[in-house]
Amino acid sequence: MLKQRIITAAILLPVAIIGFFLLHGLAFALFIGLVVALGAWEWARLAGFASQSARVGYAGLVMVLLAMLYWLPGLAPWLLALAVFWWLAATYLVLTYPRSSRLWGGSVGSLLIGLAILLPAWQALVVLKQWPLGNWLILAVMVLVWVADIGAYFSGKAFGKRKLAPQVSPGKSWEGLIGGLLTSLVVTLAVGIYRGWAPRELILALLGAAVVVLISVIGDLTESMFKRSSGIKDSSQLLPGHGGVMDRIDSLTAAVPVFAVLLWLAGWGVL
């Protein structure tokens, strides 16, 4: 398994670097769109659609919607606002699972939830790419989430006792959550001091980082909730040793749109 993980990571890393940081405009939108379409193909299975025709059809629908969003950029503010409301709702669904499963709306409702997860994530990345220092913004939110994941893993291993959401993901603990959050805040603080941010900027950055990290955990738990409901361990086996695409991007699907909205509220860019 470790060998598979290393080989897969060695192949994907240069592809990800080229796609995220060297592509621009339509090429970047298509690259992210392909990732999102693969995630949609996996999500259809989590929603209860086992047949390949249904899963491919759902991925095709997502691609059509992404094309519409690309050619209608005026929809971006509305979609990102929807994402904020969705992730607040998702927080409630996660905290009240399994009782909340009756609110999903069955298989069709689960497909609509998939759209609320995937479309804003794509839109947010396209928006961030167009803003000043776009590549650095994308790297920043990814590092923020990854650092929090690493901190949560080691904190949970060392101190984890109280389960965070036992009905959804028994392996996660409150100690892990706190450790991951503190790790991300320390990194944010170090970056702020290095770059000479004013006290007000530093405080806002720390608050924003905390919000992004906490919502990224909801993104992770939301996918875990649907996997648990459908009895599936991994979203797919597309990435040997790593599971599926959704297993790799679940935290980011929540973190990226919220990150973009917070930067917009801070006056960084225009939606």
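Residues numbered from 1 in each chain as written. Predicted model: local features only at pLDDT ≥ 70, side-chain atom pairs only at ≥ 80, totals over all residues. Heavy atoms only, no water.

Engineer: Would you mind going over the packing of aromatic side chains in detail, with residue names and values included?
Structural biologist: Applying the stated criterion across every chain yields a total of eight aromatic pairs. Both rings, one in Trp43 and one in Phe226, keep their centres 4.7 Å apart while their planes meet at 50°; by these two values the pair is tilted. Of this pair, Trp43 sits in helix H2 (residues 25-46) while Phe226 sits in helix H8 (residues 199-230); the two residues are 183 residues apart in sequence, bridging distant segments of the chain. Residue classification places Trp43 among the buried positions, given a relative accessible area of 1%. When the ring of Tyr153 is compared with that of Phe154, the centres are 5.2 Å apart and the planes differ by 85°; the resulting orientation is edge-to-face. Each residue in the set Trp43, Tyr97, Trp104 and Phe226 is aromatic and connected to the rest through ring pairs, giving one cluster. Its guanidinium or amino end placed over the ring of Trp41, Arg55 lies 3.8 Å from that ring's centre, counting from NZ or CZ. (Phe/Tyr/Trp six-rings, centres within 6.5 Å; stacked < 30°, edge-to-face > 60°. Helix = DSSP H or I, 4+ residues; strand = E, 2+ residues; numbered from the N terminus. Buried < 20%, exposed > 50% of the residue type's maximum accessible area, 1.4 Å probe, protein only. Lys NZ or Arg CZ within 6 Å of the ring centre and 35° of its normal.)

Engineer: Kindly report on the packing of helix H6 (residues 134-159) against H8, identifying the contributing residues and their values.
Structural biologist: Between H6 and H8, the shortest axis-to-axis distance is 10 Å and the interhelical angle comes to 65°. For the pair H6 and H8, the crossing hand works out as right-handed. Between H6 and H8, the contacting residues are Val141, Leu144, Val145 and Ala148 on the first element and Ala209, Val212, Val213 and Ser216 on the second. For the contact of H6 with H8, the residue count by class is seven nonpolar, one polar and no charged. (Axes fitted to C-alpha atoms, helices over the stretch in contact; angles between N-to-C directions. Left-handed = near helix turned anticlockwise from the far one by under 90°. Contact = heavy atoms within 4.5 Å. Nonpolar A, V, L, I, M, F, W, Y, C, P; charged D, E, K, R; others polar.)

Engineer: Residues and numbers for the pattern of salt bridges, please.
Structural biologist: This structure, assessed with the given rule, holds four salt bridges. The salt bridge partner of Lys172 is Asp220, with a shortest N-O separation of 3.4 Å. Highlighted residues: Lys172 in strand S2 (residues 169-173) and Asp220 in helix H8, separated in sequence by 48 residues. You can call Asp220 buried: its relative accessible area is 15%. (Salt bridge = Lys/Arg side-chain N within 4 Å of Asp/Glu carboxyl O.)

Engineer: Requested: an account of the side chain of Ser236, with residues and values cited.
Structural biologist: If you trace the backbone, Ser236 turns up in the loop between H8 and helix H9 (245-265). With a relative accessible area of 5%, Ser236 lands in the buried category. Apart from the residues within four sequence positions on either side, Ser236 is in contact with Trp41, Glu42, Arg45, Gly243, Gly244, Val245 and Asp247.

Engineer: Give me the lowdown on the nonpolar core, citing residues and values where you can.
Structural biologist: Note on soluble globular proteins: their nonpolar side chains tend to be buried together. Counting 77 residues, the largest nonpolar core has Trp43, Trp87 and Leu128 as the members making the most contacts within it. The dominant element in this core, judged by the number of residues it contributes, is helix H5 (residues 106-130), at 13 residues. If we ignore the near neighbours within four places in the chain, the residues touching Trp43 are Tyr58, Ser110, Leu111, Ile113, Gly114, Ile117, Glu223, Phe226 and Met246. (Core = buried A, V, L, I, M, F, W, Y, C linked by side-chain atoms within 4.5 Å.)

Engineer: Provide a residue-level description of unusual backbone geometry, including the pertinent values.
Structural biologist: Note the cis peptide between Tyr97 and Pro98, where omega equals 10°. Examined against the element boundaries, Pro98 turns out to sit in the loop between helix H4 (76-95) and H5. Here the phi dihedral of Leu133 falls at roughly 60°; this positive angle occurs in a residue that is not glycine. Examined against the element boundaries, Leu133 turns out to sit in the loop between H5 and H6.

Engineer: Report on the UniProt feature "transmembrane region" (unreviewed entry) in the protein, specifying residues and quantitative values.
Structural biologist: Under the UniProt annotation, "transmembrane region" (unreviewed entry) lies at residues 12-41, 53-72, 78-96, 103-124, 136-156, 177-197, 203-222 and 252-270. Helix and strand shares over residues 203-222 are 100% and 0% respectively, and the end C-alpha atoms of the span are 29 Å apart. In this annotation, residues 252-270 is assigned 74% helix and 0% strand; the end-to-end C-alpha distance for the span is 21 Å. (UniProt positions renumbered as here; feature names shortened; annotations may be inferred.)

Engineer: Before we move on, can you summarise helix H7 (residues 174-195) with the specific residues and values?
Structural biologist: Here H7 is 22 residues long and its end C-alpha atoms lie 32 Å apart, about the 32 Å a rise of 1.5 Å per residue gives. Regarding H7, the residues found buried are Glu175, Gly176, Leu177, Gly179, Gly180, Leu181, Ser184, Thr188 and Gly192. In the core, the buried residues of H7 are packed alongside H6, strand S1 (163-165), S2 and H8. (Expected span 1.5 Å × (residues − 1).)

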